[in-house]
Structure formats: structure tokens, C-alpha cells
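Observations on chain architecture
Take a look at the letters that make up each chain.
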Amino acid sequence: MIIDHPLLGPRDAAEFVYLGDASLIDRPDWQAPDAMEKFHAYGYLRDNPAGEHQELWYHEQGDRSWLVVTRDTVTHTITKVELARDVARGKTKARGRGK
Amino acid sequence: MAEFTLTAAPPLAGHDETFGDTRLHAPQDFAIVSVALPLGGETAAKKAIKTAYGVELPAPGKSVVAKGKERILRLAPDLAFVFFTHAGADAETIVADKLKDKAYLTDQTDVWTALELSGPMARAALERICPLDLYTDAFALNDGARTVMEHLGTIILRTDDDTYLLLSASSSADSFLHAIETSIKNVI
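Residues numbered from 1 in each chain as written. Chains lettered and ligands numbered in written order. Predicted model: local features only at pLDDT ≥ 70, side-chain atom pairs only at ≥ 80, totals over all residues. Heavy atoms only, no water.

What follows is about the overall build of chain B. For chain B, the helix and strand inventory stands at 4 helices and 11 strands. In terms of overall dimensions, chain B is globule-like: its C-alpha atoms have a radius of gyration of 17 Å, near the 16 Å expected for 188 residues. Its C-alpha atoms put chain B at 55 × 50 × 30 Å along the principal axes. With 188 residues in all, chain B has 48% of them scored as buried. In chain B, the proportion of contacts linking residues at least 24 apart, taken out of those at least 6 apart, comes to 57%. Put simply, chain B shows about 9,400 Å² of open surface, and 51% of that area lies on carbon and sulfur atoms. Where the 17 positive side-chain charges of chain B centre and where its 26 negative ones centre are 8 Å apart. (Helix = DSSP H or I, 4+ residues; strand = E, 2+ residues; numbered from the N terminus. Rg over C-alpha atoms; globule rule 2.2 N^0.38 Å. Buried < 20%, exposed > 50% of the residue type's maximum accessible area, 1.4 Å probe, protein only. Contact = heavy atoms within 4.5 Å. Areas by Shrake-Rupley, 256 points an atom, 1.4 Å probe, with all protein chains shown as cover. Lys, Arg positive; Asp, Glu negative; His and termini not counted. Charge placed at Lys NZ, Arg CZ, Asp CG, Glu CD.)

And the structure:
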């Protein structure tokens, strides 16, 4: 499998380490009244789609960047690769926080 | 208690062998300092690099040679390596004097072992163990990348038409040398 890194170009999947569902970026607010419930879902509840899935990959044998890879779990077709920091910053902006 | 002074010694120092016209050798006094750009201080750090070396920090995956013959390789958006020739264990202070405190520096001279592979069979030998596309247009002059060869983390840098600089961990230097030697022997 080849992952087309947004900065470095196509790289073999052997250079990467898989973490899991990209929803791990959305860490709940620990001060929220329902934090317990939110963290339970964050820590344990995962979707298991047969189809498009957004997941976190770490380029350990490369530039050590975290990527959000959109992959079809049935065909392994990769449709989109983004830097996780760009995704995270986009989300922070959308929530009206950060610079 | 006895007092010991430890002096770092490059594991492959003095290694030099030729396979026909293809040469594999360990460069002498090869100093390596990593430069990390502070979060929020990227612009100031880039400006300091430009002032100190007279060259812009290149794009990730590219390197430039500065006026003082130092080579700057950018491996990631916020990480670059500076390579230069220097004997002694104070490589970090030399870069620190130039960049002041605009970037985070780490002396990595001891961490990596360097091998330079040059000659007509260099690319053919590397093609067998390097997962990157080394075709001359795809991996152009001064391109550099971090990847894996024979399960060993490696930085590869193209310094001339048929010359590649390879860096791998000092702790597995002999295994790395063996991997490169074997690959050369397989193609000549």
C-alpha cells in the first residue's frame, strides 16, 4: 500500500505506523458536566465501517508527521491524505478558538 | 573512584573501499546538528538561518549548500539538519553561535553514522534496498529524505549526479554497512 504524503510524495506503508480512528483528534473537554460519558465514548466506542474511514497514521520512518488518511476499508483505496496538524488546526478554528 | 573521560569515536571512521569505479567511504569529521523551529517562532528561526548561512531554509525534502559549505537539509516542516565538516565534540556550539537562540539545537554527530556512496553503480545498488523512487528526475540533485533500508532508519541525500550520502544509526553502523556492501556486490 502506498500513502501519498502531502509534503513528501508517495511513500510505502511500511514507513508508517497505524493508530486508529481519526476521531481521536477530538478529545473531549474534561471540564464539561458530561465529561465522564464523553471520555467513555472517546476511549472505547468506535465505528467499524465497511467503506470510507478516516484514520490516523504516523510517519515514524520518515518525517515523524501524523496524517489523517481517508481510506476505504473494503478496497484499501486511499482517497485523501492530510497532515493531522492542519486538520486539528482547522477544527480549532471552526470552534472559534486558537489563532 | 577513578575518573574516566569518554571520547566519542565515529563507528565507521576511516572506512573506504572501492568496487570497480564505485566507492563507499565514511566522510571524515562529519558534524550533524538538528535545528527544530519553535512553535510560533518559525519566522524568526527562518530569518536567523537566512542571516547566518546566507540561504533560505529549503522546502521539506530539499537541501541547500550554504556559503561556508554547510549543507542544510529540511526533513519536516519544523525540522532541519545542518551538516558540516568539523573535528571535535562542539558542533552544537558552532551552530548556536550562528543562530543565537532562535531555534532548538541538538548535537547529533554521535547519533548517526555517515557513508558516502558514489560512482556508476551507486544508484543500481541503492535501488534494491531503498523504498524511494531514486530515478534522477524523481530524486533530484540535493533532494533528501528519511526512509528505511533493510529495516534500518536511514536518511538519504543526493549530493551529486551519482553520489549519495547515507546516514543511519551509530548503534547499528556495522549492520548498515553490511547491507550497503551486500547490495553493491549484488549489482557489480
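Picking up where we left off.
Here we come to the domain arrangement of chain B. All names here are of chain B. Domain boundaries in chain B define domain 1 (16-27 + 111-187) and domain 2 (30-107). Domain 1 and domain 2 are separated by 23 Å when their C-alpha centres are compared. Counting residues at the interface gives 14 residues for domain 1, matched by 12 residues for domain 2. Summing both partners gives a buried area of about 1,000 Å² for domain 1 against domain 2, and 65% of it is carried by carbon and sulfur. In this assembly, domain 1 and domain 2 are joined by 1 salt bridge. Note that Lys 62 is salt-bridged to Asp 143, the shortest N-O span being 2.8 Å. The interface formed by domain 1 and domain 2 contains 4 residue pairs in polar contact (both at pLDDT 80 or more). Contributing elements (two or more residues each) for the side of domain 1 that touches domain 2: strand S8 (112-118), strand S9 (144-149), strand S10 (152-160) and strand S11 (163-169). Here the residues of the side of domain 1 that touches domain 2 are counted per class, giving 9 nonpolar, 3 polar and 2 charged. (Domains from an automatic or database assignment. Buried area = accessible area lost by both parts, 1.4 Å probe. Salt bridge = Lys/Arg side-chain N within 4 Å of Asp/Glu carboxyl O. Polar contact = N/O pair within 3.5 Å; in protein donor to acceptor, adjacent residues only side chain to side chain. Nonpolar A, V, L, I, M, F, W, Y, C, P; charged D, E, K, R; others polar.)

Before going further, it helps to spend a moment on the side chain of Ser170(B). Residue and element names in this part refer to chain B. Note that Ser 170 resides in the loop between S11 and helix H4 (173-187). Here Asp 110 takes part through its backbone oxygen, which lies 2.6 Å from a polar atom of the side chain of Ser 170. Those residues in contact with Ser 170, other than ones at most four positions away along the chain, are Pro 11, Asp 110, Val 111, Trp 112 and Thr 113.

Residues and elements named next belong to chain B. Considering all chains together, one arrives at 7 aromatic pairs over all chains under this definition. Each ring, one from Phe 81 and one from Phe 83, has its centre 6.0 Å from the other, and the planes form 70°; the classification is edge-to-face. When sorted by exposure, Phe 81 lands in the same class as Phe 83, which is buried. Aromatic rings pair up to connect Phe 30, Phe 81, Phe 83 and Trp 112 into one cluster. (Phe/Tyr/Trp six-rings, centres within 6.5 Å; stacked < 30°, edge-to-face > 60°.)

This paragraph deals with the interface of chain B and chain A. The interface of chain B with chain A comprises 13 residues on the first partner and 10 residues on the second. When the two sides are added together, the surface that chain B and chain A hide from each other amounts to roughly 990 Å², 53% of it contributed by carbon and sulfur. Considering only the side of chain B, the residues that lose the most area to chain A are Pro77(B), Arg146(B) and Val148(B), jointly responsible for 43% of the buried surface there. The interface formed by chain B and chain A includes 1 salt bridge. Here Asp78(B) and Arg85(A) are joined by a salt bridge, their closest N and O atoms 3.6 Å apart. Taken together, chain B and chain A are joined by 2 residue pairs in polar contact (both at pLDDT 80 or more).

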